[in-house]
Amino acid sequence: AAANEDNNNHSSAELWAVSPAPFPLRPLQGYDSLIHIDAEHWQDDAPSTLREYGIVTQSNILDQSEITELKQLVDEAIAEVENKLQEHRPEIDVGEDTFIFREIASRNLQRFDLRLDTIPRAHEMVER
């Protein structure tokens, strides 16, 4: 988390998406103002924004303690998957080899997708 001038804590995440079709050229003002939906308008505006741009953002979904808790849950899930891989598939070189399992899949060198819906509390936090 980084502090801004008002000493408020903020967290951010970067998301990269792959599209089966070309994206239109970026608007001059960028996408931030077009894809950011505040909590008050989320129910009404998020579906149409997602259909139009393929992504939406919202601030202040989780507070700092929830972010810390979610990170701990994810770190524990990663450690559990790594232990299972070592125990059941020791021939897999994690970070180098391509693999796909129900809980986790490698994307590229050192990049992975981990399913949060298999972790009840994490699922609850991201489904809000």
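Residues numbered from 1 in each chain as written. Predicted model: local features only at pLDDT ≥ 70, side-chain atom pairs only at ≥ 80, totals over all residues. Heavy atoms only, no water.

(A) Structural context of the pattern of salt bridges. All chains considered together, the criterion is met by eight salt bridges. Notably, a salt bridge pairs Glu-69 with Arg-121, separated by 2.9 Å at the nearest N-O pair. With Glu-69 in helix 3 (residues 64-88) and Arg-121 in helix 4 (residues 120-126), the pair connects residues that are 52 residues apart, well separated along the chain. Look at Arg-121 and you get partly exposed, because its relative accessible area is 28%. As a salt-bridge pair, Asp-113 and Arg-107 come within 2.8 Å of each other at their nearest N and O atoms. Overlapping salt bridges bring together Glu-69, Arg-121 and Glu-124 as one network. (Salt bridge = Lys/Arg side-chain N within 4 Å of Asp/Glu carboxyl O. Helix = DSSP H or I, 4+ residues; strand = E, 2+ residues; numbered from the N terminus. Buried < 20%, exposed > 50% of the residue type's maximum accessible area, 1.4 Å probe, protein only.)

(B) Geometry of the nonpolar core. Membership of the largest hydrophobic core is limited to six residues, which are Leu-70, Leu-73, Ala-77, Ile-119, Ala-122 and Met-125. Of all the elements in the fold, those that place two or more residues in this core are helix 3 and helix 4. Sort the elements by how many residues they give to this core and helix 3 lands first, with three residues. Those residues within four positions of Leu-70 in sequence are excluded, and the remaining contacts are Leu-62, Ala-122, Met-125 and Val-126. Judged by nonpolar contacts, the second largest core, of five residues, contains Val-81, Leu-85, Ile-92 and Phe-99. (Core = buried A, V, L, I, M, F, W, Y, C linked by side-chain atoms within 4.5 Å. Contact = heavy atoms within 4.5 Å.)

(C) Inspection of the layout of surface pockets at higher detail. Empty space within the second largest pocket amounts to approximately 160 Å³. Contributing to the lining of the second largest pocket are Leu-73, Glu-76, Ala-77, Glu-80, Val-81, Lys-84, Glu-103, Leu-114, Arg-115, Thr-118 and Ile-119. Looking at the lining of the second largest pocket element by element, the count peaks at six residues for helix 3. Considering only residue class, the lining of the second largest pocket consists of five nonpolar, one polar and five charged. (1 Å grid on protein atoms, 1.4 Å probe; cavity = no way out; pocket = protein on both sides within 12 Å on 5 of 7 lines; lining within 4 Å. Points joined across faces, edges and corners; volume = space filled by probe spheres on them. Nonpolar A, V, L, I, M, F, W, Y, C, P; charged D, E, K, R; others polar.)

(D) Here's a closer look at the pairing of strand 4 (residues 111-114). Here strand 3 (residues 104-108) runs beside strand 4; their pairing, made up of four bridges, is antiparallel. Across the sheet, the residue bridging to Ser-106 is Phe-112, located in strand 4. Between the antiparallel neighbours strand 3 and strand 4 lie two residues, among them Gln-110 with a positive phi of about 65°. (Pairing = 2+ DSSP bridges.)

(E) Molecular detail of the side chain of Thr-49. For Thr-49, the position within the fold is in helix 2 (residues 42-53). Given the relative accessible area of 9%, Thr-49 is considered buried. When neighbours within four sequence positions are excluded, Thr-49 is seen to be in contact with Leu-34, Ile-35, Ile-37, Gly-54, Ile-55 and Val-56.

(F) Highlighting the packing of aromatic side chains. A full pass over the atoms with the stated rule returns three aromatic pairs. Consider the rings of Phe-99 and Phe-101, whose centres lie 5.8 Å apart with planes at 40°: the pair is tilted. By relative accessible area, Phe-99 is classed as buried at 6%. Phe-101 gets classed as partly exposed once you look at its relative accessible area, which sits at 30%. (Phe/Tyr/Trp six-rings, centres within 6.5 Å; stacked < 30°, edge-to-face > 60°.)

Note that all results are geometric; they support no functional claim without further evidence.
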